[in-house]
Amino acid sequence: MSSTLMDEDPLFTSLCSSKTVQADDSGFFYNFFTSVEENFPSKTWLKDYYARLPNDKEKLRVLYTDPAICDTVLGTLEHVKPVFRQKDAKFSLHKREEAHELMRQGKLQQALIVASQAVLRAPKKNENMTVDHGLSLAFAFWIRGEIFIEMLDGALALKDFQLSAKYGVPASQNPKYYLRLAKCYKLLGDEKKLQVTLNVFRNLNGGDSFEEQKLMDELKDLEARLLSKGKDKFLKEQTFKKPVIVGKPSEKLPGASDFLDITDSNDKRTGKFVVAKKNIPAGETLHVEKAFAARLYPRNFGSHCSVCFARLTAAVGCLDCAGLAFCSVECRDIACDTFHKYECQYLNLMIGSGMSILCFITMRIILEGKTPAGAITRAKGLLDKLCAHSDIRDPEDYFQRALMATFLLRILQKAGFFGRRLTEASEPTEQELEVGAVMLQLLQALQFNAHDIYGTKLSGKHRFDDSKVQSLGVGIYQTAAMFNHECYPAITRYFQGTDIILTSIRPLKPGDIASENYGPQFSKLGLKERQRLLRSRYWFKCECKPCVEDWPLDKNLTNYARLKCPTDHCSHYIKYPKDLNRPVKCSMCKKTVCLKANAELLKKCEMLYKEGAMFMDAQKIPEAIEKFKIGLNLFYKVALPPHRDTHIAQESLRTCYADNGNTYVM
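Definitions and cut-offs
- Residues numbered from 1 in each chain as written.
- Predicted model: local features only at pLDDT ≥ 70, side-chain atom pairs only at ≥ 80, totals over all residues.
- Heavy atoms only, no water.
- Helix = DSSP H or I, 4+ residues; strand = E, 2+ residues; numbered from the N terminus.
- Buried < 20%, exposed > 50% of the residue type's maximum accessible area, 1.4 Å probe, protein only.
- Contact = heavy atoms within 4.5 Å.
- Core = buried A, V, L, I, M, F, W, Y, C linked by side-chain atoms within 4.5 Å.
- Pairing = 2+ DSSP bridges.
- pLDDT = per-residue confidence, 0-100.
- Polar contact = N/O pair within 3.5 Å; in protein donor to acceptor, adjacent residues only side chain to side chain.
- Arc of directions from axis to C-beta.

**What about the environment of F12?**
Part 1: Residue position: F12 is located in helix α1 (residues 10-19).
Part 2: Exposure remark for F12: the relative accessible area of 17% places this residue in the buried category.
Part 3: A sequence separation of 527 residues divides F12 from W539, and the C-alpha atoms of the two residues are 12 Å apart.
Part 4: When neighbours within four sequence positions are excluded, F12 is seen to be in contact with R532, L533 and S536.

**Some remarks on the nonpolar core**
Part 1: If you look at the biggest cluster of nonpolar residues, it comprises 157 residues, and the most contacted ones within it are Y50, I366 and F399.
Part 2: Among the elements that make up this core, the one with the highest residue count is helix α18 (residues 395-415) (11 residues).
Part 3: Those residues in contact with F399 that lie beyond four places of it in its chain are F33, V36, F40, W45, L46, Y50, L63 and I69.
Part 4: Formed by 48 residues, the second largest nonpolar core is a distinct cluster that contains L158, Y167, L187 and L219.

**Examining the sheet that holds strand β13 (residues 562-564)**
Part 1: Across the sheet, three strands lie side by side as β14-β13-β17; this open sheet has antiparallel pairing. Of all strands in the sheet, those with a lone pairing partner are β14 (573-574) and β17 (639-640), marking the two edges.
Part 2: Pairing analysis gives two bridges linking β13 to β17, with the strands arranged antiparallel. When the bridges of β17 are listed, R562 appears paired with L640.

**Quick notes on the pairing of strand β8 (residues 450-458)**
Part 1: Examined bridge by bridge, β8 and strand β9 (residues 468-476) share eight bridges and lie antiparallel to one another. By the bridge assignment, A450 is partnered in β9 with I476.
Part 2: Two strands pair when backbone bridges link them, and β8 and strand β18 (residues 663-665) are joined in this way by three bridges, in the parallel orientation. Bridge pairing in β18 links K457 to Y664.

**A few points about the confidence of the model for the chain**
Low pLDDT marks regions whose predicted coordinates should not be analysed in detail.
Part 1: Of the residues in the chain, 96% have a pLDDT of 70 or more, and the chain-wide mean is 93.
Part 2: Across residues 1-5, where pLDDT falls below 50, the model places 24 contacts with residues more than four positions away in sequence or in other chains.
Part 3: Contacts for the low-pLDDT stretch residues 231-238, under 50 throughout, to residues beyond four places or in other chains number 18 contacts.

**Some thoughts on the side chain of Q447**
Part 1: Summarising the element assignment, Q447 is placed in helix α19 (residues 430-449).
Part 2: In this structure the side chain of Q447 is engaged in a polar contact, spanning 2.9 Å, whose partner is the side chain of R393.
Part 3: When residues no more than four places from it in sequence are discounted, the contact partners of Q447 are S17, T20, L358, R393, R401, R537, Y538 and W539.

**Let's talk about α1**
Part 1: Of all the residues in α1, the buried ones are F12, T13, C16 and S17. Relative to the axis of α1, the buried residues are bounded by an arc of 135° and lie together on one face. With respect to the buried face of α1, the exposed residues turned more than 90 degrees away are P10, L11 and L15.
Part 2: Close packing links the buried residues of α1 with α18, α19 and α20 (527-538).

Structure representation (structure tokens):
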């Protein structure tokens, strides 16, 4: 529950907002902005003129046409040129040799990392004939395939050898190729293909009995290693148990359960939000949604797939740059057929600008429209569902976003998104200006409607004790954006790839807000600082119950919860008494009641939470979830938060659900 209010800390709000445009202060965009700012006609130009322009298109157009600033804007945009991480055959060769030595030493995980670097930096066939006769990429896949065989991973080895053949290693008359395929099929347990491959090997081997016997010995060795190790401990591709929403699909909320409904507060600031339509117990999957658009943080470009966010084991790169990595040829082709074919040669320029992840997502939304007209339609369909608070946006902040839009638009021009242009000048056509205006709208709306996509890094022997949450990137979700914030959320989120899953962690009654949490929870951050962050980051004053009642922090939480009046049809809750044997008077129904029975049920909840924690400690996750669900559903029948053990149980339940999401063994 929230409302807007006059900003009490405008400087902090300005800093928070600025970070959603330029995240890295060392980037060159800051200098671009200040150089334009120095040419403003007057100190009040932004407020008296710019802020009064009628729409985003005109607010963008003026940057190209106003005599006072256009020379600086256009002059800077003329310097936009390709800056990207290029392929390097010599570097790839060096990494290949390093990987071979590490494999020889038995350091297979290190060898795999280095071999993947060789793959990502290798130019495609015939691009550089002075090194490896133009076969750097093929040879890089070959050495990585060898490593996967040593790691007993036949599936990934097979893919790499097939890619090696695709990019130039002779295959059809090459006995060494079929020798390696035989090892792959042995590891996969595919006896039929193994026999076919062995026959081809024998035919190509020219009857060399020594080589054939050597291969048979190696196959026996692989079989023995598989038997001795059982299930190997190396990283595997993730497999998810896909959650199913409770009830039926909602007709109003795509991806959501019909246990939910959308309501309108008739408040311009609060807008529409999601509420419970039916009674919802704790532990129900309420919403599953694919990302409308998602983007990795640049720091994760080398560790996760830029399309599906899978952890990279056998990375595949763009054939033209070394900037992005993908988990498969399929994901690479998706990227290179849509967004990446335009951003490819400008990726390092964008990173160097210091622009925020929201700017990257803005580009992704536009480029996935495939054409200028498609981009406009796609973006407007999203913007119709998102708030942007344009009417209360500070003029300087507005101008900063407009200037970023000119930079992004110039990249689109140079990259050929608009096709063949009649001029190389930066001034946009009307269609280009319309795309730029849509980007300006996105740069405003995404500030309040993006979700941080995360995963859990697992290390050591225990799934929970040594785990750490890792931010992977940011996603935009049309339906999930409609869930309001509370500092004591009713639902939790986790991610499978870029899909978002929302699950209840406390019971909801019809009409209750199905609330998410945008960052600070009541138990981790005090009221004043929590309100300051929410107001400055999301531009609203939170009026949820923990804020109104000023609930205590973790260190001050107790188990003395308010207990429900046992009188039939009375909905009042009474402060936990000092003496449970002594009757108390309910201020609502006016009856004298004994709270001992409900206090005993509260103790039962606490015992269920302890049992859930024991199952977590034993890494029995389904059993832990069940105990937490039973305890939480019982708690809300007899008591009200805040309650220390209940809050811990809800956080534990969230952790258990997240284990079915993005997890990575380190």
